[in-house]
Amino acid sequence: MNEQEQINEYITSQPEPKRIDMEELHRLVLQVLPGCKLWFDTGKNSENKTVANPTIGYGFQTIKYADGKIRDFFQIGLSANKTGISVYILGINDKAYLAQTFGKEIGKASVTGYCIRFKNLKDINIDILEAAIRYGVEVTNEN
């Protein structure tokens, strides 16, 4: 099964109304990053144990670790969890930027250094979320 098939299966497996929100967010990220590389992380480690929620990834970046190792990874992640949905914006060096810039205007969401977490899409300002995603893509494309 390729990434697109895994992504479709993952989204359709979500209960209502989360499935509708995930479909809308998937469309939004594809609008921001048309033709981007798609990823699907099952959340399982090499021993097939669940270590994280499954995540849809969008875009491409190379992460450089302090020990000199490099890893190819996605720029934007989308994941359903027990309490709602998480949007990961990876590659932003300033861990306070998302919360300071978008936290007050986004609505009912928890904003950390790289994650925007909310219960329902209707609880947040989608334009602010899109601006945060666009910022994350611009920053990682500059690095």
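Residues numbered from 1 in each chain as written. Predicted model: local features only at pLDDT ≥ 70, side-chain atom pairs only at ≥ 80, totals over all residues. Heavy atoms only, no water.

Another aspect to go through is the environment of Gly-84. You can see Gly-84 is positioned in strand β6 (residues 84-89). C-alpha separation for the pair Gly-84 and Glu-9, spaced 75 residues apart in sequence, amounts to 18 Å. Residues within four places of Gly-84 in sequence aside, it is in contact with Lys-18, Ser-79, Phe-118 and Lys-119. (Helix = DSSP H or I, 4+ residues; strand = E, 2+ residues; numbered from the N terminus. Contact = heavy atoms within 4.5 Å.)

This paragraph deals with the environment of Thr-50. Assignment of secondary structure puts Thr-50 in the loop between β1 (38-41) and β2 (55-58). Overall, Thr-50 belongs to the exposed group, its relative accessible area being 58%. Not counting residues up to four positions away in its chain, the partners in contact with Thr-50 are Gly-43 and Lys-44. A polar contact of 3.3 Å, which involves the side chain of Thr-50, links it to the side chain of Lys-44. (Buried < 20%, exposed > 50% of the residue type's maximum accessible area, 1.4 Å probe, protein only. Polar contact = N/O pair within 3.5 Å; in protein donor to acceptor, adjacent residues only side chain to side chain.)

With that settled, consider the sheet that holds strand β7 (residues 109-111). Spatial strand order, β1-β2-β5-β6-β8-β7: six strands in an open sheet with antiparallel pairing. Two strands bound the open sheet, and with one partner strand each, they are β1 and β7. Looking at each pair of strands side by side, their axes are set apart by 15° on average, direction ignored. Sheet topology note: the β7/strand β8 (residues 115-118) ladder contains three bridges and is antiparallel. Bridge pairing links Val-111 to Ile-116 in β8. Contacts between helix α4 (residues 126-142) and the sheet are confined to β5 (76-81), β6 and β8, with β6 contributing the most and set at about 30° to the helix. (Pairing = 2+ DSSP bridges. Axes fitted to C-alpha atoms, helices over the stretch in contact; angles between N-to-C directions.)

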